[in-house]
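For reference, the chains in residue letters:
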Amino acid sequence: MGIAKSRNTTVMKYHLIDNTLFIKNRKNFMAQMKPNSLAVFNSNDIYPISADSTMPFEQHRDIFYLSGVDQEESILVVFPDCPKEKYREILFLKETNEHIAVWEGEKLTKEKALETSGIKTVFWLQDLEKIFAELMTYADTVYVNTNEHYRAAVETETREDRFTKWWKAKYPAHSVAKSNPILQRLRSVKDQIEIDLIQQACDITNKGFRRVLGFVKPGVWEYEIEAEYIHEFLRNRSKKFAYTPIVAAGNNANVLHYIENNQQCKDGDLILMDVGAEYANYASDMTRTIPVNGRFTERQKAVYNAVLRVKDEATKMLVPGTYWEQYHIEVGKLMTSELLDLGLLDKADVQNENPDWPAYKKYFMHGTSHHMGLDTHDYGLLHEPMQANNVFTVEPGIYLPDEGFGIRLEDDVVIQESGAPFNLMHDIPISIEEIEDLMNS
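Computed from a prediction, not measured in an experiment: that's the story for all the values here.

Colleague: I would appreciate a short explanation of the overall build of the protein in the present structure.
Modeller: A count of helices and strands for the protein gives 13 helices and 20 strands. Its C-alpha atoms give the protein a radius of gyration of 24 Å, near enough to 22 Å, the size a compact globule of 441 residues would have. Seen along its three principal axes, the alpha-carbon backbone of the protein occupies a region of about 70 × 60 × 45 Å. With 441 residues in all, the protein has 53% of them scored as buried. The long-range fraction of contacts in the protein, counting pairs at least 24 apart against all pairs at least 6 apart in sequence, stands at 72%. Looking at the protein as shown, the accessible area adds up to about 20400 Å², and 51% of this sits on carbon and sulfur atoms.

Now the structure itself:
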């Protein structure tokens, strides 16, 4: 007797995303392409560790953004001017069968690929070379997808790189164009469906934070706090942290990328937690700083509220037309004022400061905001003005190694057409009073 199959409404852990998002994303991308050109997007590799073990698969965000396909060995080709209409959008997928379904789980069928992506023409990968040869007889230009993010440092040859090498060797007469500048602009401006997915990631992070507020007390270990977060994330359909979590008690908070999370939390210390859940490959990015014993000292409160005021004032500047570089200069002025009030700087420090490394940088040495979306540090061209539906973090901090603590606060916000941005983390506790109340209830 066979086992009846019900229609699966989820892809991976998350609910199926409305494919109108991916149809629209492809349309927007193709509108920017040169005449008679095609563009190719590859899945990421599954990277080996050793023996037969591998790292968990992470889909390349660009093919996901344009198709919703979230599995390995997949290729998207878009060719808006192709004389054969059925070849204007093509997915090439790893052929699935009953054996694969038993050992690895079901892969996308052609029907499921259409439902996921809105793409009607789906071939198995074994047909790629034959179909691609025909496409190249019609095309003049091929768009390659290189990683040009301003923080990128790629040392591994990707599947995308190998594909580019292969077609350039086989079809050397074709012109080459770059997909990345188009994607940087498109991906930085979020569709409402994307904003809803980021909101869901933020809501899961909120649940994790509230769980931790009820858990933390003197004597707990940083890794136990990390475990509380991931427990709550997984049970709410997130597959993992959006990035490597920072759970930094006491002086560990003054190491900006502290990820060991292996120290015990002591009475009187603060814990800086920079954590975020992912949902459907979309990131959230939260930082909160809480007292181990549930009560801030007066000094800790003074520094905390200074950071909170800078965050709130900086947030108001995130409006259409603002330039990222000028914004950071203005945030620096806000922080300088707070540091003067706290007695951490004096007027002479400010008057004699190096313009390339202002005085406030002694205590606040990183940037305040970055684009966020499918990547925690998402695509976005920093030399262009901000616009509505950009999603930014806001994350000022003050770091005091001589006093044994550091404080950073971070929310994720959506720029609006007018007025202050919308805070996707407005439900996550941040005031001293709410944090103390929840930790002592």
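Colleague: Looking at this structure, how should I read the pattern of salt bridges?
Modeller: A side chain with one charge can pair with a side chain of the opposite charge if their charged atoms come near. Evaluated as defined, the whole model comprises 36 salt bridges. Across the salt bridge formed by R299 and E403, the nearest N and O atoms sit 2.9 Å from each other. Here E403 lies in the loop between β17 (397–400) and β18 (405–408) and R299 lies in helix α10 (residues 298–316), a separation of 104 residues in the sequence. Using a relative accessible area of 30% as the deciding quantity, one classes R299 as partly exposed. Judged by its relative accessible area of 36%, E403 is partly exposed. The network of salt bridges with common partners includes E58, R61, D62, R187, K190, K239, K240, D375 and D378.

Colleague: How should the nonpolar core be read in this particular structure?
Modeller: Across soluble globular proteins, nonpolar side chains have a tendency to be buried as a group. In this structure, F29, I225, Y229, I271, I290 and I398 are the most contacted members of the largest nonpolar core, which totals 102 residues. With nine residues, helix α8 (residues 192–213) is the largest single contributor of residues to this core. A domain split of this core shows at least three residues from each of domain 1 (19–188) and domain 2 (192–439). Sequence-distant contacts of I398, that is, excluding residues within four places in its chain, are made with V303, A306, V307, M335, L339, L342, L344, Y363, G406 and I407. Counting residues in hydrophobic clusters, the runner-up holds 21 residues, among them V40, F92, L128 and Y171.

Colleague: How do you make sense of the side chain of K94 when you look at a structure like this?
Modeller: If you trace the backbone, K94 turns up in the loop between β7 (89–93) and α3 (98–104). Ignoring any residue separated from it by four or fewer positions in sequence, one finds K94 in contact with Q71, E72, E73, I100, E104, W124 and L125.

Colleague: Help me understand the UniProt feature "domain: Aminopeptidase P N-terminal" (unreviewed entry) in the protein, please; the structure alone is not making it clear to me.
Modeller: Within the UniProt annotation, "domain: Aminopeptidase P N-terminal" (unreviewed entry) is assigned to residues 17–153. Secondary structure content for residues 17–153 is 33% helix and 20% strand, and the end C-alpha separation is 31 Å.

Colleague: How do you make sense of the environment of F123 when you look at a structure like this?
Modeller: Within the secondary structure, F123 sits in strand β8 (residues 121–124). According to the relative accessible area criterion, F123 is buried, its value standing at 16%. C-alpha of F123 to C-alpha of Y65: the two residues are 58 residues apart in sequence and 20 Å apart in space. Those residues in contact with F123 that sit more than four places away from it in its chain are Y87, I90, L91, F92, L93, K110 and I131.

Colleague: What exactly am I supposed to notice about the sheet that holds strand β12 (residues 270–275) here?
Modeller: Adjacent strands of a sheet form backbone hydrogen bonds with each other and so pair up, either parallel or antiparallel. On the basis of which strands lie adjacent, the open sheet formed by three strands has the order β11-β12-β15 and antiparallel pairing. At either margin of the open sheet sits one strand with a lone partner, and together these are β11 (246–249) and β15 (286–291). For this sheet the average axis-to-axis angle between neighbouring strands, irrespective of direction, equals 10°. As paired elements, β12 and β15 share six bridges and run antiparallel to each other. The partner of V275 across the bridge, within β15, is M286. The sheet strands contacting α8 are β12 and β15, and the helix crosses β15 at an angle near 10°.

Colleague: Mind showing me how you'd approach the domain arrangement of the protein here?
Modeller: Where interface size is quoted, it is often the accessible area lost as the parts come together. Assigned domains within the protein: domain 1 (19–188) and domain 2 (192–439). Here domain 1 and domain 2 have C-alpha centroids that lie 35 Å from each other. Listed by partner, the interface residues are 19 residues for domain 1 and 21 residues for domain 2. Across the interface of domain 1 and domain 2, roughly 1900 Å² is buried in total on both sides, 50% from carbon and sulfur atoms. Counting the surface domain 1 buries against domain 2, the share from its top three residues, R61, R187 and S188, is 30%. Where domain 1 meets domain 2, there are six salt bridges. With its nearest N and O atoms 3.6 Å apart, the salt bridge here joins E58 to K240.

Colleague: I tried to follow the pairing of β12 on my own but got confused; where do I start?
Modeller: It is a general feature of regular strands that their side chains alternate between the two faces of the sheet. In terms of burial, β12 is largely enclosed, as six of its six residues are buried. Of the two faces of β12, the one holding L270, L272 and D274 and the one holding I271, M273 and V275 are both buried throughout. Relative to β12, β11 runs antiparallel, the two being bridged by four bridges. Across the sheet, the residue bridging to V247 is M273, located in β12.

Cut-offs and rules
- Residues numbered from 1 in each chain as written.
- Predicted model: local features only at pLDDT ≥ 70, side-chain atom pairs only at ≥ 80, totals over all residues.
- Heavy atoms only, no water.
- Helix = DSSP H or I, 4+ residues; strand = E, 2+ residues; numbered from the N terminus.
- Rg over C-alpha atoms; globule rule 2.2 N^0.38 Å.
- Buried < 20%, exposed > 50% of the residue type's maximum accessible area, 1.4 Å probe, protein only.
- Contact = heavy atoms within 4.5 Å.
- Areas by Shrake-Rupley, 256 points an atom, 1.4 Å probe, with all protein chains shown as cover.
- Salt bridge = Lys/Arg side-chain N within 4 Å of Asp/Glu carboxyl O.
- Core = buried A, V, L, I, M, F, W, Y, C linked by side-chain atoms within 4.5 Å.
- Domains from an automatic or database assignment.
- UniProt positions renumbered as here; feature names shortened; annotations may be inferred.
- Pairing = 2+ DSSP bridges.
- Axes fitted to C-alpha atoms, helices over the stretch in contact; angles between N-to-C directions.
- Buried area = accessible area lost by both parts, 1.4 Å probe.

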